[in-house]
Amino acid sequence: MSDTIFHKIIRREIPADVVFEDDHVIAFRDIAPQAPVHVLFVPKVDIATLNDLQEDQAIVVGRLAHAAAQYAKREGFAEDGYRIVMNCNAHGGQTVFQIHLHLLAGAHLGRFGTAK
Ligand code: 5GP
């Protein structure tokens, strides 16, 4: 297994506020939240960026999305709505090189995608 901060969280070597876990996915609150709810859904299989996702691994991303939607329903904000985001490499703003899905919720969110 690789050695990003998220792998250390998966291995419980550093603490995180874990809100969901199963055999395939772990979810924990982002340390620097960008919305009232900001949870990261991370697969337990090593995949550095979305560019590295193989066709036979497509279910990995599906599991992240499904876990996020289940969490939104469980927490009661699914109907109000939410945003999921996956950043890839420099232009996408990726800083941790283990794929992950951001779940942002809890308020009307601004538009996105503006170039800096
Ligand atoms: P990226 O920019 O790669 O899409 O997202 C990485 C996210 O991980 C950022 O939103 C950042 O705040 C979060 N993050 C970085 N280090 C830690 C950490 O040690 N713990 C937690 N819970 N989140 C982290």
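These remarks concern the structure in this document.

Basis of the calculations
Residues numbered from 1 in each chain as written. Predicted model: local features only at pLDDT ≥ 70, side-chain atom pairs only at ≥ 80, totals over all residues. Heavy atoms only, no water. Helix = DSSP H or I, 4+ residues; strand = E, 2+ residues; numbered from the N terminus. Expected span 1.5 Å × (residues − 1). Buried < 20%, exposed > 50% of the residue type's maximum accessible area, 1.4 Å probe, protein only. Contact = heavy atoms within 4.5 Å. Near = heavy atom within 4 Å. Polar contact = N/O pair within 3.5 Å; in protein donor to acceptor, adjacent residues only side chain to side chain. Areas by Shrake-Rupley, 256 points an atom, 1.4 Å probe, with all protein chains shown as cover. Nonpolar A, V, L, I, M, F, W, Y, C, P; charged D, E, K, R; others polar. Phe/Tyr/Trp six-rings, centres within 6.5 Å; stacked < 30°, edge-to-face > 60°.

Looking now at helix H2 (residues 58-75). With 18 residues, H2 extends 26 Å from end C-alpha to end C-alpha; this agrees with the ideal 26 Å at 1.5 Å per step. Those residues of H2 that sit buried are Val 60, Leu 64, Ala 67, Ala 68, Ala 69, Tyr 71 and Ala 72. Tucked inside the fold, the buried residues of H2 contact strand S1 (18-21), strand S2 (25-29), strand S3 (37-43), strand S4 (82-85) and strand S5 (101-105). Where H2 terminates, the next one or two residues include Gly 76, which has phi positive at roughly 90 degrees.

For Arg 12, which is not glycine, the phi dihedral falls at a positive 60 degrees. Following the sequence through the fold, Arg 12 ends up in the loop between helix H1 (5-10) and S1. Relative accessible area serves as the criterion here: at 48%, Arg 12 is assigned to the partly exposed category. Phi at Asn 89 is positive, roughly 60 degrees, even though this residue is not glycine.

Moving on to the site of the ligand. As a structural note, the neighbourhood of the ligand is formed by 16 residues, with Arg 29, Asp 30, Asn 87, Thr 95 and His 102 the closest of them. Within the backbone of Ile 31, an N or O atom sits 3.3 Å from a nitrogen atom of the ligand. Its free accessible area being 520 Å², the ligand has 82% of it covered by the protein chains. At the level of elements, H1 and S2 are the ones that each hand at least two residues to the shell around the ligand. Top element by residues in the shell around the ligand is H1. It accounts for three residues. When its residues are assigned to classes, the shell around the ligand shows eight nonpolar, six polar and two charged.

Here a ring pair, both rings aromatic, is described through the centre-centre distance and the interplanar angle of the planes. All chains considered together, the criterion is met by four aromatic pairs. On the basis of an interplanar angle of 70 degrees and a centroid distance of 6.1 Å, the ring pair of Tyr 71 and Phe 77 is categorised as edge-to-face. Taking the relative accessible area as the measure of exposure, Tyr 71 reaches 4% and is therefore buried. Seen in terms of ring centroids, Phe 77 and Tyr 82 are 6.2 Å apart; in terms of plane orientation they differ by 80 degrees. Their pairing is edge-to-face. An aromatic cluster is built from Phe 41, Tyr 71, Phe 77 and Tyr 82, whose rings are joined through pairwise contacts.

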